[in-house]
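Close look at the chain arrangement
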Amino acid sequence: MRQATALTATPSVASGPLLASPDDTAPGRIPPLDPAGAGASSAFDPVADPEAPGNRESGAIFVALAHGEGVARCSGTSVSAGNRSLVFTAGHCVYDGGARGRWLAGKWVFIPGYHNGERPFGVFPAKWLGTTQPWQQHGSENGDVGVAVVGRNERGQLLADAVGAAGIAWGLPAQQSFDIHGYPVAPPYNGSSQRLCAATPFLGHDFGSFLWQGPLNLAVDCPVTGGASGGGWLIDGNTINSV
């Protein structure tokens, strides 16, 4: 893992080492985690039960921006890690991007299984934020991936103990079929429900991504809007392969 000077915008959340660029690693997988004790579509439909396994690992992200600039919304996924406390999201959901960017290190929380204002598994506040070197240094959309290490919820549970965690796959061929989860806020949606484009096939690469360093963007037919950024693109049921 490449190291970088830590940046801290507020005492509440620390930001630290850059993530290694995915194109620097061989293909691999990390299997999903179970909680403690526990057809192709282009329609972004609400999931039937956001609290069910396979959906509850996904959640809404709320970020209180600095200087009273309001609240930002993104989406994220609980993913398998030794600390059972890791969220994958988009890079721009943790850092503005580019050499003059800033960490979104105000009050940053992840709410898995969120729906209609309900927080069935509690609220998990960020303790540490990170992103890729291409996103932090150059604002490259090919590196627009971020992570958060979160603390325990108000019940004292670790994230993966409460909801489980998706596995992680990297270095795979682009030709995959994705289940795309997210909480879109911009019209025609309102951010109140988790939505899903099911079994959505890879269509190609965005032309602009050929101009940036890092792995190429993936294009699919799914009508996501703002707020769905950072939501997991899952393969094989419950393994995240993109955001």
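Anything mentioned here points back to the structure above.
Here is a short report on the structure shown in this document. (Residues numbered from 1 in each chain as written. Predicted model: local features only at pLDDT ≥ 70, side-chain atom pairs only at ≥ 80, totals over all residues. Heavy atoms only, no water.)

A word on the nonpolar core
The condition that has to hold: We call a set of buried residues a nonpolar core when its members are Ala, Val, Leu, Ile, Met, Phe, Trp, Tyr or Cys and they connect through side-chain atoms within 4.5 Å of each other. Classification of residues uses two cut-offs on accessible area relative to the type maximum, computed with a 1.4 Å probe and protein chains only: under 20% is buried, over 50% is exposed, and between them is partly exposed. By the criteria applied, helices consist of DSSP H or I runs no shorter than four residues and strands consist of E runs no shorter than two, each listed in order from the N terminus. Only heavy atoms matter for contacts: two residues are in contact if any of them lie within 4.5 Å across the pair.
Ranked by internal contacts, the top residues of the largest apolar core, which has 23 residues, are Val87, Trp108, Leu129, Ala148, Val150 and Leu159. The set of elements that each furnish at least two residues to this core consists of β5 (58-64), β8 (107-112), β9 (124-131), β10 (146-150) and α2 (159-163). Ignoring sequence-local partners within four residues, the contact set of Ala148 consists of Ser85, Leu86, Val87, Trp108, Ala126, Trp128 and Leu129. In this structure, Phe44, Ile180, Tyr189 and Trp233 belong to the second largest nonpolar core, which totals 13 residues.

Notes on the pairing of strand β7 (residues 86-89)
For clarity, the threshold we go by: Note on pairing: two strands pair once DSSP finds at least 2 bridges between them.
Residues Leu86 and Phe88 line one face of β7 and the alternating positions Val87 and Thr89 line the opposite face, and both faces are buried. Here strand β6 (residues 71-79) runs beside β7; their pairing, made up of three bridges, is antiparallel. Residue pairing for β7: Ser78 is matched across the bridge by Val87. Between β6 and β7, which pair antiparallel one after the other, the connecting turn spans six residues, and Arg84 there sits at a positive phi close to 55°. Bridge count for β7 against β10 is four bridges, and the pairing is antiparallel.

A word on the state of the cysteines
Where we set the bar: Note on terminology: pairs of cysteine sulfur atoms within 2.5 Å are recorded as disulfides.
Following the criterion strictly, the structure yields two disulfides and no others. Across the disulfide from Cys74 sits Cys93; the S-S distance is 2.0 Å. Between Cys74 and Cys93, the S-S torsion sits near -85°, and that sign places the bridge as left-handed. Within this pair, whereas Cys74 is found in strand β6, its partner Cys93 is found in the loop between β7 and β8, the two being separated by 19 residues in sequence. With respect to burial, Cys74 and Cys93 carry one shared label: buried. Residue pairing for Cys197: its cysteine sulfur links by disulfide to Cys222, the two sulfurs lying 2.1 Å apart. Taking the sign of the S-S torsion, 90° for the link of Cys197 and Cys222, the bridge is right-handed. Taken as a pair, Cys197 in strand β13 (residues 195-201) and Cys222 in the loop between β13 and β14 (233-235) lie far apart in primary sequence, 25 residues in all. For Cys197, a relative accessible area of 0% puts it in the buried group. Judged by its relative accessible area of 12%, Cys222 is buried.

Examining the side chain of Ser192
Just so we agree on the cut-off: Any pair of N or O atoms that falls within 3.5 Å is considered a polar contact. Within protein, one atom must be able to donate a hydrogen and the other to accept it, and sequence-neighbouring residues count only if both atoms are side-chain atoms.
One can find Ser192 in the loop between β12 (177-182) and β13. At 2.7 Å, the side chain of Ser192 and the side chain of Asn190 are in polar contact.

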